[in-house]
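This is what each chain is made of:
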Amino acid sequence: MKIAICPGSFDPVTLGHVDVIERAADIFDEVIVLVMSNSAKKKSLFTVDERMKFIKRSITKPNVKIDTYNGLLVDYARAAGAVAIVKGLRAVSDFDYEFQQALINKSLYPEAETVFLCARGENMFLSSSMVKEVCSLGGDISSFVPDSISKDIYNRCKGEK
């Protein structure tokens, strides 16, 4: 069985994330969406548990599992027997950072390849940070996030729990 890990903070999950995850699910036998904390990012808008629930409500593929981990990605990938780490790329600026990460991951866990899936044109600009910014300023995010979670995001941006 070919297992791939699709890591990210997913705060919140966007249609770009969903696209990459579901395309990976068409390639691999099993995809584990790994919700991780990113020390380089500010405080999360949603808890890890909320983000995991959002992903479960947004993904339709039966071979996608959701998990969380706070250690090194490669340690989780090794324990899961993953053969690939799947990352979505939006622009050249993404590639520089992701390429560095891929080289480090390969040196720490040579058994796994990093697979880059390019964002579709309509998702090239899309990021969780942009969604949060637009939402916090009262903008329409309905074309950026799955319908199944948009109300939750709007409510949180308005300060509701």
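Values in this document were obtained by computation on a predicted structure and should not be read as measured data. (Residues numbered from 1 in each chain as written. Predicted model: local features only at pLDDT ≥ 70, side-chain atom pairs only at ≥ 80, totals over all residues. Heavy atoms only, no water.)

### Looking at the packing of helix α5 (residues 128-136) against helix α6 (residues 147-157)
Between α5 and α6, the least distance of the axes is 9 Å, while the angle of their chain directions is 60 degrees. Between α5 and α6, the angle is such that the two are oblique. In this structure, α5 meets α6 at a crossing whose hand is right-handed. Judged by residue contacts, Val131, Lys132, Cys135 and Ser136 of α5 engage Ile153, Tyr154 and Cys157 from α6. Its residues placed into classes, the contact of α5 with α6 shows 5 nonpolar, 1 polar and 1 charged. (Axes fitted to C-alpha atoms, helices over the stretch in contact; angles between N-to-C directions. Helix = DSSP H or I, 4+ residues; strand = E, 2+ residues; numbered from the N terminus. Parallel < 35°, antiparallel > 145°, perpendicular 65-115°, else oblique. Left-handed = near helix turned anticlockwise from the far one by under 90°. Contact = heavy atoms within 4.5 Å. Nonpolar A, V, L, I, M, F, W, Y, C, P; charged D, E, K, R; others polar.)

### Points about the sheet that holds strand β3 (residues 64-68)
The 5 strands are arranged β3-β2-β1-β4-β5 in an open sheet whose pairing can be described as parallel. The open sheet has two free edges, formed respectively by β3 and β5 (113-118), since each of these has just one partner strand. Within this sheet the neighbouring strands show an average axis-to-axis angle of 30 degrees, counted without direction. Alignment of strand β1 (residues 3-8) against strand β4 (residues 84-89), held across 2 bridges, turns out to be parallel. In the strand pairing of β4, Ala4 is matched with Ala84. Each of β1, β2 (30-35), β3, β4 and β5 touches helix α1 (residues 15-27); the most contacted strand, β5, lies at about 125 degrees to it. Those strands touched by helix α3 (residues 73-80) are β1, β2, β3 and β4, and its axis lies near 155 degrees from that of β1. (Pairing = 2+ DSSP bridges.)

### What to know about the nonpolar core
Residues Val31, Val33, Ile55 and Ile153 are the most contacted members of the largest nonpolar core, which totals 31 residues. Those elements that provide at least two residues to this core are β1, α1, β2, α2 (48-58), β3, β4, α5 and α6. The greatest single-element share of this core, amounting to 5 residues, is contributed by α1. Residues contacting Val31, with those up to four places away along its chain left out, are Ala4, Cys6, Ala24, Ala25, Asn63, Val64 and Lys65. Formed by 13 residues, the second largest nonpolar core is a distinct cluster that contains Leu34, Ala77, Ile85 and Ala112. (Core = buried A, V, L, I, M, F, W, Y, C linked by side-chain atoms within 4.5 Å. Buried < 20%, exposed > 50% of the residue type's maximum accessible area, 1.4 Å probe, protein only.)

### So, the packing of aromatic side chains
For the coordinates displayed, the defined rule picks out 5 aromatic pairs. Consider the rings of Phe95 and Phe99, whose centres lie 5.3 Å apart with planes at 25 degrees: the pair is stacked. With Phe95 and Phe99 both in helix α4 (residues 92-108) and 4 residues apart, this pair spans about one turn of that helix. Taking relative accessible area as the criterion, Phe95 reaches 39% and is therefore assigned partly exposed. For Phe99, a relative accessible area of 40% gives the class partly exposed. With a centroid separation of 5.7 Å and an interplanar angle of 80 degrees, the aromatic rings of Phe125 and Phe144 are classed as edge-to-face. Here Phe125, found in the loop between β5 and α5, pairs with Phe144, found in the loop between α5 and α6; they are 19 residues apart in sequence, far enough to count as distant. (Phe/Tyr/Trp six-rings, centres within 6.5 Å; stacked < 30°, edge-to-face > 60°.)

These results come straight from atomic positions and should not be treated as a statement about function.
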